[in-house]
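Here's the letter readout for the chains.
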Amino acid sequence: MRTWYIEDAGGGCRAFSEVLVLVSEKPREVYTSLVPLTWQTGQTLEEVVLELVLEMMSRAGVTKEDQILVCSGNIFNDLHKYLQENQYNWSTARMEGLAHEIAEQVFFEQIVNAGFPAYIKLTSRNYREFYQLVEKWVLENKSRLRYLKDRRVRQKPIGNKYCYKANRSRPRHCSKCHSSILPYTPMVECRMNVHGKKVHRYYHPECSPVKPLKNKLVTIETTLNGQPTCGVVTKSNREERCTLCQKSIPAGQPAFFCYNNDQLLSFHLSCLSIMNTPAEA
Ligand SMILES: [Zn+2]
Ligand SMILES: [Zn+2]
């Protein structure tokens, strides 16, 4: 049984290809791949990375009996999923040693080959500072802009995981500003897969870190007591009472919800349309 290490480098830098490495220490064997700066296949970054790693694993002849230690970074999300589903002997690990050294070294070589001064080096994992210097160097000269990563292809799919919708009866906690998202108000829901587990995060629309590409939010503008008011149409997950007719709005039935001076008002959709129909003179 052999132990393989899978590591990446350069993902945090806006320029130059991410480096992927597959390494065995005993006996020493090294495979490296570069993620292209851009691609036209519509794949996500994680999918491109998965393909490149599988290709290295096949060249290396990695078997399901071998032990595989993978860096826990998001860039390997699809790889983690693949290894799990295909019953490899794997786990995530913080990378030190050969895999980490080689990944950093190959990323650095890329930069130096492009003309970046070789005496400026990454010291004691101070990535932020080093990447800032590299980015500054790239932006200094128009002819170097071709080394920038295409952020569009790397970001595009993330928006698919974010969706505008209306919160239901339970207040939620905003993952950005940490204050409460009121019941029956617009919010952004993010559904992610983290190591095969479904993780949900919620944001105020203005707090969302990514512009959502999905939208399940329905809003209606109406007039209440002469005041223009905007509210949401959503299903309730508990019974509510209609502000107009005082009858029950059963759980699961779409209804209109809005706030008037911090007070929640609920209406049957039929009662809302009655309210909005001008009275006959
Ligand atoms: Zn917020
Ligand atoms: Zn009603």
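Relevant structure appears above.
Next up on the list: the coordination of the zinc ion (ligand 1). Distances from the zinc ion (ligand 1) to its protein donors, Cys174 (SG), Cys177 (SG), His204 (ND1) and Cys207 (SG), fall at 2.0 to 2.3 Å. Given 4 donor atoms and angles of 102 to 116° at the metal, the environment of the zinc ion (ligand 1) is assigned as tetrahedral. Going along the chain, you hit the donors of the zinc ion (ligand 1) in the pattern C-x2-C-x26-H-x2-C. Here Cys177 is found in the loop between β7 (172-173) and β8 (180-181), whereas its partner His204 is found in the loop between β10 (197-203) and β11 (214-215), with 27 residues between them in sequence. Using a relative accessible area of 14% as the deciding quantity, one classes His204 as buried.

Most of strand β2 (residues 19-24) is tucked away, with 6 of its 6 residues classed as buried. Summarising the sheet, strand β1 (residues 3-9) and β2 pair through 6 bridges and their orientation is antiparallel. Opposite Trp4, over in β2, you have Ser24 as the bridge partner. Both β2 and strand β3 (residues 29-34) contribute to a ladder of 6 bridges, which runs antiparallel. Counted as the bridge partner of Ser24 is Glu29 from β3. Between β2 and the antiparallel strand that follows it, β3, lie 4 residues.

This part is about unusual backbone geometry. In this chain, Lys26 is followed by Pro27 through a cis amide linkage whose omega measures -10°. At Gln87, a position not held by glycine, the phi torsion is positive, near 55°. Among the residues examined, Gln87 registers a relative accessible area of 66% and is labelled exposed.

Looking now at the packing of helix α3 (residues 98-113) against helix α4 (residues 127-139). Here α3 crosses α4 at 20°, and the two axes come no closer than 12 Å. Considering their axes alone, α3 and α4 lie roughly parallel with respect to each other. In the crossing of α3 with α4, the sense of the turn from one axis to the other is left-handed. Within the contact between the two elements, α3 uses His100, Glu104, Phe107, Phe108 and Ile111 and α4 uses Tyr127, Phe130, Tyr131 and Val134. Classifying every residue of the contact of α3 with α4 by side-chain character gives 7 nonpolar, 1 polar and 1 charged.

Angles between donor atoms at a metal ideally measure 109.5 degrees for a four-coordinate tetrahedral arrangement and either 90 or 180 degrees for a six-coordinate octahedral one. Looking at the zinc ion (ligand 2), one finds its protein donor set to be Cys242 (SG), Cys245 (SG), His268 (ND1) and Cys271 (SG), positioned 2.1 to 2.3 Å from the metal centre. For the zinc ion (ligand 2), the 4 donor atoms are set out with angles of 98 to 115° between them, so the coordination reads as tetrahedral. Donor residues for the zinc ion (ligand 2), ordered by position in the chain, follow C-x2-C-x22-H-x2-C. Taken together, the residues Cys242 in the loop between β14 (240-241) and β15 (248-249) and Cys271 in helix α6 (residues 269-276) connect sequence positions 29 residues apart. Considered together, Cys242 and Cys271 belong to a single accessibility category, that of buried residues.

Let us look at the pattern of salt bridges. Taken as a whole and judged by the stated rule, the model has 9 salt bridges. The partner of Arg154 in a salt bridge is Glu18, with the nearest N and O atoms 2.8 Å apart. Of the two residues, Arg154 is situated in helix α5 (residues 151-155) and Glu18 in the loop between β1 and β2; the sequence distance between them amounts to 136 residues. With respect to class, Arg154 is no different from Glu18; both count as buried. Close ionic contact of Glu189 with Lys165 constitutes a salt bridge, the shortest N to O distance being 3.1 Å. With Glu189 in strand β9 (residues 186-194) and Lys165 in strand β6 (residues 162-166), the pair connects residues that are 24 residues apart, well separated along the chain. Judged by its relative accessible area of 7%, Glu189 is buried.

Cut-off values and rules
Residues numbered from 1 in each chain as written. Chains lettered and ligands numbered in written order. Predicted model: local features only at pLDDT ≥ 70, side-chain atom pairs only at ≥ 80, totals over all residues. Heavy atoms only, no water. Donors = N, O, S within 2.8 Å, 3.2 Å for Na, K, Ca; no water. Tetrahedral: all angles 85-135°; square planar, octahedral: opposite > 155°, others 65-115°. Helix = DSSP H or I, 4+ residues; strand = E, 2+ residues; numbered from the N terminus. Buried < 20%, exposed > 50% of the residue type's maximum accessible area, 1.4 Å probe, protein only. Pairing = 2+ DSSP bridges. Axes fitted to C-alpha atoms, helices over the stretch in contact; angles between N-to-C directions. Parallel < 35°, antiparallel > 145°, perpendicular 65-115°, else oblique. Left-handed = near helix turned anticlockwise from the far one by under 90°. Contact = heavy atoms within 4.5 Å. Nonpolar A, V, L, I, M, F, W, Y, C, P; charged D, E, K, R; others polar. Salt bridge = Lys/Arg side-chain N within 4 Å of Asp/Glu carboxyl O.

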